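Here is how the chains run, residue by residue.
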Amino acid sequence: MFGMIIDTTPDTTAGAGPALRLDPEGGPFRELAAVRIQVPAGGTIPAHAHGASELLLTGVTGTVEASCGCGAKTVAPGTFAMLPAGKEITLVNHGTEPATVLAVFSQSEFTQGLPRAAAKGCGCQGHGG
């Protein structure tokens, strides 16, 4: 088991992007990447694709509208949306409060380029035991 805490405080660090990879280097993940995405109130993350990564997007705080060519889904705490590899997605926060979502991606070149959180997490550090 590998535990982590999702910090929902909006990141105001200069140059910080909306996405931060939560799974630390050396963690037990070979096939998945956990990423925190923050969308400010009234903000948008424009259409983009994730290469070969499949995506499971889960609401943590606030609400975002996740849309792609096949429709739109409101993602709020306790709900999720799934997106197959190769599709473009847009995230929009129509609310007055920041929103945080947890994105779990299958590993690909896209996930390798995401900045990682400094936290090491806790739990099993080994691969397979």
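Rules behind the numbers
- Residues numbered from 1 in each chain as written.
- Predicted model: local features only at pLDDT ≥ 70, side-chain atom pairs only at ≥ 80, totals over all residues.
- Heavy atoms only, no water.
- Helix = DSSP H or I, 4+ residues; strand = E, 2+ residues; numbered from the N terminus.
- Buried < 20%, exposed > 50% of the residue type's maximum accessible area, 1.4 Å probe, protein only.
- Contact = heavy atoms within 4.5 Å.
- Areas by Shrake-Rupley, 256 points an atom, 1.4 Å probe, with all protein chains shown as cover.
- Pairing = 2+ DSSP bridges.
- Axes fitted to C-alpha atoms, helices over the stretch in contact; angles between N-to-C directions.
- Core = buried A, V, L, I, M, F, W, Y, C linked by side-chain atoms within 4.5 Å.

Participant: Before we move on, could you go through the overall build of the chain and cite the residues and values that matter?
Facilitator: Of the regular secondary structure elements, the chain holds one helix and eleven strands. For the chain, the succession of helices and strands along the chain, N to C, is β-β-β-β-β-β-β-β-β-β-α-β. Out of the 129 residues belonging to the chain, those deemed buried represent 33%. For the chain, contacts bridging at least 24 residues in sequence account for 74% of all contacts bridging at least 6. Of the roughly 7,100 Å² of accessible surface on the chain, a fraction of 59% belongs to carbon and sulfur atoms.

Participant: Could you give an account of the sheet that holds strand β4 (residues 44-49), naming the residues involved and the relevant values?
Facilitator: Spatially, the four strands line up as an open sheet ordered β4-β9-β6-β7, and their pairing is antiparallel. Every other strand in the sheet has two partners, leaving β4 and β7 (71-75) as the edge strands with one partner each. Strand after strand, the sheet turns through a mean of 15° between neighbouring axes, direction not considered. Both strand β6 (residues 64-68) and β7 contribute to a ladder of five bridges, which runs antiparallel. Following the sheet pairing, S67 is matched in β7 by A72.

Participant: Provide a residue-level description of the nonpolar core, including the pertinent values.
Facilitator: Counting residues in each nonpolar core, the largest one holds 20 residues, and the members touching the most others are I37, L57 and L91. The set of elements that each furnish at least two residues to this core consists of β3 (32-39), β5 (55-61), β6, β8 (80-83), β9 (88-92) and β10 (99-106).

Participant: Report on the pairing of β6, specifying residues and quantitative values.
Facilitator: Regular strands have side chains that alternate between both faces of the sheet. Burial of the side chains of β6 is restricted to one face: V64, A66 and C68 are buried, whereas none of E65 and S67 on the reverse face is. Joining the antiparallel neighbours β6 and β7 is a turn of two residues. For β6 and β9, the ladder comprises three bridges, and the chain directions are antiparallel. Note on β9: the bridge partner recorded for S67 is T90.

Participant: Got a sec to walk through the pairing of β8? Specific residues and values, please.
Facilitator: Residue alternation in β8 divides its side chains into a buried set, A81 and L83, and an unburied set, F80 and M82. Note that β5 and β8 share four bridges and pair antiparallel. Bridge pairing in β8 links T58 to F80.

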